[in-house]
Amino acid sequence: PSIAALPIPPHMGNVSGEIRLMAALLQDAVEIIQGRRVPGMYGDQKHRSNPRQEAIDWVLDDDDSVLSFLSCCEQFRLNPQAVRAKVLGKRKRAA
């Protein structure tokens, strides 16, 4: 499934920067997990992280702080479990 399957408006008009950032976080995580986006790499070769695993960890995290997966879902009235199922599918069990 693509991010288009999630009810996040593609053009957000006059909404706050925080709302746009939340939408961008969700979209970025979905695209990285699904392999449709290659994230930029920062730092030297030795200290590079695994952006795909970080995105999966973010989606699976039950933290509800500002800009967490759960708070982003809440903002857009998305069911976090349903989003996880769509985005991760079988990968959720493997992560």
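Engineer: Hey, could you go over the environment of A24 for me, with residue numbers and the actual values?
Structural biologist: Within the secondary structure, A24 is located in helix α1 (residues 17-33). Residue class for A24 comes out partly exposed when judged on its relative accessible area of 40%. For the pair formed by A24 and C72, sequence separation is 48 residues and the distance between their alpha carbons is 9.8 Å.

Engineer: Now, about the pattern of salt bridges: what can you tell me, with residues and values included?
Structural biologist: On inspection of all chains with the given rule, the structure shows one salt bridge. Here D62 makes a salt bridge to R84, at a shortest N to O gap of 3.1 Å. Highlighted residues: D62 in the loop between α2 (51-60) and α3 (69-75) and R84 in helix α4 (residues 80-88), separated in sequence by 22 residues. Here D62 falls in the exposed class, since its relative accessible area comes to 55%. Of the residues examined, R84 reaches a relative accessible area of 3% and is grouped as buried.

Thresholds applied
Residues numbered from 1 in each chain as written. Predicted model: local features only at pLDDT ≥ 70, side-chain atom pairs only at ≥ 80, totals over all residues. Heavy atoms only, no water. Helix = DSSP H or I, 4+ residues; strand = E, 2+ residues; numbered from the N terminus. Buried < 20%, exposed > 50% of the residue type's maximum accessible area, 1.4 Å probe, protein only. Salt bridge = Lys/Arg side-chain N within 4 Å of Asp/Glu carboxyl O.

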